Amino acid sequence: MSLPKEVIIKEVGPRDGLQNEKEEIKTEDKIEWINQLSETGLSYIEMTSFVHPKWIPQLKDALEVAKRVNRKEDITYAALVPNMKGLEGAIEADVDEVSIFMSASEAHNKNNINKSISETYPVLREVVDEAKKAGKSVRGYVSTVFGCPYEGRIDEQQVINVCKNLFDMGIDELSLGDTIGVANPIQVGEFLDLISTEFSKDQIALHFHDTRGMALANTLVSLEKGYYIFDGALGGLGGCPYAKGASGNVATDDLVHMLHEMEINTGIDHDRLLQAGQFIQEKINKPLPSKQMNICTQKSLS
């Protein structure tokens, strides 16, 4: 089995994880959690999202959080932005990287962004252009790559066309999302074979959700195909408010454990990661779903 020697894990828990939590998390706790994540060896943390508070109330404190985090020079601190208004906030907060997002599914895109795919392109192009002028790198997210809650399986060529349009805008990296966790290893492997003829593996990240317990299996297939950039949310936090049935992201702690057991380097301190997981678990006042956090909880009770 030929696998990468090193893997890059991008922590999206403070944004993609917390956005689905109904109970409000205190701003101070978000800041402290991100500061703890900064001590784990992670090289990338998506701190928040500059969306209108009406859509994601949990992240209404985006500007304050982004400004007050104790940033480390060797970490990229990113934020999601939906439009020019969001970009203004991200630039004011001086984030390192801006993330834009859209769906490969027309129905999901309309539910999530309230626009058709064709209507979304000019909005995002303006964001990318202005972000680049401000000296920011830009990441793109494509949702429902492997399946949509409204349309089912999405045509692969449609996904590729969306990806091409985003790269044509000048984004630096693209994260491919299994938003509702319906992908299986054969499907993932076949799709990655297809897109490897179109895009560089250095510019593609995989964003798996663990709704059906397939995230690590899909990660393993991706590793076998030579992909080495993965998104994760500590403890398995997450979900999409506009995709019924979407549950948490692949758990960063479970992912790191698997990779380290396979002698693949991540640069991440697993013990510190679990400490940060215990911190946010206490703040959301419910058990996190990851296997590693469950082991921690059982040890503390024994």
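Residues numbered from 1 in each chain as written. Predicted model: local features only at pLDDT ≥ 70, side-chain atom pairs only at ≥ 80, totals over all residues. Heavy atoms only, no water.

**Concerning the overall build of the chain**
Then comes step 1: For the chain, the count of helices and strands is twelve helices and eight strands.
Then comes step 2: The C-alpha radius of gyration of the chain comes to 18 Å, within 12% of the 19 Å expected for a compact globule of 302 residues.
Then comes step 3: Considering only C-alpha atoms, the chain reaches an extent of 55 × 45 × 35 Å along its principal axes.
Then comes step 4: Scored against the burial criterion, the 302 residues of the chain give a buried share of 56%.
Then comes step 5: Within the chain, residue pairs in contact and separated by at least 24 positions form 75% of the contacts whose partners lie at least 6 positions apart.
Then comes step 6: Carbon and sulfur atoms make up 46% of the accessible area of the chain, which amounts to about 12,900 Å² in all. (Helix = DSSP H or I, 4+ residues; strand = E, 2+ residues; numbered from the N terminus. Rg over C-alpha atoms; globule rule 2.2 N^0.38 Å. Buried < 20%, exposed > 50% of the residue type's maximum accessible area, 1.4 Å probe, protein only. Contact = heavy atoms within 4.5 Å. Areas by Shrake-Rupley, 256 points an atom, 1.4 Å probe, with all protein chains shown as cover.)

**Remarks on the pairing of strand β3 (residues 76–80)**
Then comes step 1: Taking burial as the measure, the five residues of β3 include four buried ones, the bulk of the element.
Then comes step 2: For the handedness criterion, the β-α-β arrangement of strand β2 (residues 44–49), helix α3 (residues 62–68) and β3 is classed as right-handed.
Then comes step 3: As paired elements, β3 and strand β4 (residues 97–103) share three bridges and run parallel to each other. Paired with L80 across the two strands is S99, which belongs to β4.
Then comes step 4: Running through helix α4 (residues 84–92), the crossover from β3 to the neighbouring parallel element β4 is right-handed. (Right-handed = clockwise from strand over helix to strand, strands pointing away. Pairing = 2+ DSSP bridges.)

**Some points on unusual backbone geometry**
Then comes step 1: In this structure, T144 takes a positive phi of about 55° despite not being glycine.
Then comes step 2: Phi is positive for N285, close to 60°, though the residue is something other than glycine.
Then comes step 3: Mapped onto the fold, N285 is located in the loop between α11 (270–284) and α12 (291–301).
Then comes step 4: Accessibility expressed as a relative area gives 68% for N285, which makes it exposed.

**Digging into the pattern of salt bridges**
Then comes step 1: Inspection of every chain in the model, using the stated rule, returns 19 salt bridges.
Then comes step 2: Notably, a salt bridge pairs R15 with E46, separated by 2.8 Å at the nearest N-O pair. Of the two residues, R15 sits in helix α1 (residues 13–17) while E46 sits in strand β2, which places them 31 residues apart along the sequence.
Then comes step 3: R15 sits in the buried class, given a relative accessible area of 6%.
Then comes step 4: What emerges from the salt-bridge pattern is a single network uniting K10, R139, E173 and D231. (Salt bridge = Lys/Arg side-chain N within 4 Å of Asp/Glu carboxyl O.)

**Structural notes on the packing of helix α2 (residues 27–37) against α11**
Then comes step 1: Packing of α2 against α11 brings their axes to within 9 Å, and their N-to-C directions diverge by 170°. As summarised for this structure, α2 and α11 are arranged roughly antiparallel, according to the angle between their axes. Counting all contacts with α2, which are made through D29, E32, W33, Q36 and L37, the residues of α11 involved are L273, Q275, A276, F279, I280 and K283. (Axes fitted to C-alpha atoms, helices over the stretch in contact; angles between N-to-C directions. Parallel < 35°, antiparallel > 145°, perpendicular 65-115°, else oblique.)

**Considering helix α7 (residues 156–169)**
Then comes step 1: Between its terminal C-alpha atoms α7 stretches 20 Å, which fits the 20 Å expected from 14 residues at 1.5 Å a residue.
Then comes step 2: Buried-residue contacts for α7 involve β4, α6 (117–133), β5 (137–143), β6 (173–178), α8 (185–195) and β7 (204–208).
Then comes step 3: Taking the backbone nitrogen of Q157 as reference, a side-chain oxygen 3.1 Å away marks D155 as the first, capping residue of α7.
Then comes step 4: Positive phi appears at G170, one or two residues downstream of α7, with a value of about 110°. (Expected span 1.5 Å × (residues − 1). Polar contact = N/O pair within 3.5 Å; in protein donor to acceptor, adjacent residues only side chain to side chain.)

**Notes on the side chain of S175**
Then comes step 1: Structurally, S175 can be placed in strand β6.
Then comes step 2: On the basis of relative accessible area, S175 is assigned to the buried category, the value being 1%.
Then comes step 3: Here D231 takes part through its side chain, which lies 2.7 Å from a polar atom of the side chain of S175.
Then comes step 4: Not counting the four nearest positions on each side in its chain, S175 is found in contact with R139, G140, Y141, V142, A205, H207 and D231.

**Things to note about empty space enclosed by the protein**
Then comes step 1: Following the criterion strictly, the structure yields one cavity of 30 Å³ or more and no others.
Then comes step 2: Each pocket or cavity is described by its volume, and for the largest cavity that value is around 40 Å³.
Then comes step 3: In terms of lining, the largest cavity is formed by P14, L18, K30, I34, M47, T48, L59, D61 and V65.
Then comes step 4: Counting only elements with at least two residues in the lining of the largest cavity, the list comes to α2 and β2.
Then comes step 5: In the lining of the largest cavity, the residues fall into six nonpolar, one polar and two charged. (1 Å grid on protein atoms, 1.4 Å probe; cavity = no way out; pocket = protein on both sides within 12 Å on 5 of 7 lines; lining within 4 Å. Points joined across faces, edges and corners; volume = space filled by probe spheres on them. Nonpolar A, V, L, I, M, F, W, Y, C, P; charged D, E, K, R; others polar.)

Taken by themselves, the reported measurements are silent on function.
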